[in-house]
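Chain by chain, the residues run as shown.
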Amino acid sequence: MSTIPQTKPQGPGRPKDMEKRAAILEAAKALFIRNAFAGTSMDAVAAEAGVSKLTVYSHFGDKDNLFREVIRARIQDILPEDTYQYVASEDIRVTLERIALHHVRLDCDVQNVGTFRAILSDCRQGNPRYGRLLWEEGPERGHALMKRLLQQAVDDGKLDIANVSRAAGQFTSLIKGEMLLRRMFGCEECAQSYAVELEQTARDGVDMFLRAYLPR
């Protein structure tokens, strides 16, 4: 009796496997933004990605983990760690303005604001753990990276800051002002004027920050 040769299964990490993973993440991101967490099923993610539900589970385990990976992948894409790179030879104002402009453009991006709204919707429905996931992968991670950069600037004598952790939070608040809330609430009337005001708010925030923390 002849035996049928067995085909070796495709192992994790191979190109087709990674393509499926990327497709699942993209599908999940679109659905979470559109339907929030509670309104997104693993069946819907599988259908949107063009894969089986078993494939979704084999890559991510459950919906909580899939959501975390969507948030992590999104933030790593738009705000990589090297955004907060400290350059010793660079004027500290140039460094902070570079970070500020990149940060506010992303935070106030229409798609990203859609993600925030979806998370807030789930928090309102009694699912604050999803908000915590976003907090940990986004603002908390950014805060830690900003603290590291500010401490390096302090160590180099470019800034004089007694409480670096508090200063990192102040920096984030100053560069955004009310701009994120305006977009969250749909209160920007003109996209072009909003973009101009957004950048000016970021630059003014850096200026105010430096008035407080430049060595005297």
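The name an unreviewed UniProt entry assigns to the protein is TetR family transcriptional regulator, from the organism Dyella jiangningensis.

Colleague: Kindly report on the layout of surface pockets, identifying the contributing residues and their values.
Modeller: Approximately 840 Å³ is the volume found for the largest pocket. Those elements that place two or more of their residues in the lining of the largest pocket are helix 1 (15-35), helix 4 (63-78), helix 5 (92-107), helix 6 (110-124), helix 7 (128-137), helix 8 (139-155), helix 9 (164-176) and helix 10 (179-184). Built from parts of two domains, the lining of the largest pocket gets at least three residues from each of domain 1 (18-75) and domain 2 (80-213). Lining of the second largest pocket is provided by Met 18, Arg 21, Ala 22, Leu 25, Glu 26, Lys 29, Val 70, Ala 73, Arg 74 and Asp 77. Secondary-structure elements contributing two or more residues to the lining of the second largest pocket are helix 1 and helix 4. Looking at side-chain class alone, the lining of the second largest pocket contains five nonpolar, no polar and five charged residues.

Colleague: Account for the environment of Arg 203, with residues named and values stated.
Modeller: In this fold, Arg 203 is placed in helix 11 (residues 191-213). For Arg 203 and Arg 98, which are 105 residues apart along the polypeptide, the C-alpha to C-alpha distance reads 9.4 Å. Engagement of the side chain of Arg 203 in a polar contact is seen with the side chain of Glu 97, the distance being 3.1 Å.

Colleague: I'd like a description of the nonpolar core, backed by residues and values.
Modeller: Of all hydrophobic cores here, the largest spans 58 residues; its most connected members are Leu 66, Leu 96, Met 146, Leu 150, Leu 159, Phe 171 and Phe 209. The residues that make up this core include at least three from each of domain 1 (18-75) and domain 2 (80-213). In contact with Met 146, not counting residues within four places along its chain, are Tyr 84, Leu 96, Ile 99, Ala 168 and Phe 171.

Colleague: Please give an account of the pattern of salt bridges that cites residues and values.
Modeller: Following the criterion strictly, the structure yields 13 salt bridges and no others. The partner of Arg 68 in a salt bridge is Glu 136, with the nearest N and O atoms 3.2 Å apart. Pair noted here: Arg 68 is in helix 4 and Glu 136 is in helix 7, with a separation of 68 residues, a long-range link. Using a relative accessible area of 22% as the deciding quantity, one classes Arg 68 as partly exposed. Overall, Glu 136 belongs to the partly exposed group, its relative accessible area being 28%. When salt bridges with common partners are traced through the structure, they connect Arg 93, Asp 207 and Arg 211 into a single cluster.

Reading the values: rules and limits
Residues numbered from 1 in each chain as written. Predicted model: local features only at pLDDT ≥ 70, side-chain atom pairs only at ≥ 80, totals over all residues. Heavy atoms only, no water. 1 Å grid on protein atoms, 1.4 Å probe; cavity = no way out; pocket = protein on both sides within 12 Å on 5 of 7 lines; lining within 4 Å. Points joined across faces, edges and corners; volume = space filled by probe spheres on them. Helix = DSSP H or I, 4+ residues; strand = E, 2+ residues; numbered from the N terminus. Domains from an automatic or database assignment. Nonpolar A, V, L, I, M, F, W, Y, C, P; charged D, E, K, R; others polar. Polar contact = N/O pair within 3.5 Å; in protein donor to acceptor, adjacent residues only side chain to side chain. Core = buried A, V, L, I, M, F, W, Y, C linked by side-chain atoms within 4.5 Å. Buried < 20%, exposed > 50% of the residue type's maximum accessible area, 1.4 Å probe, protein only. Contact = heavy atoms within 4.5 Å. Salt bridge = Lys/Arg side-chain N within 4 Å of Asp/Glu carboxyl O.

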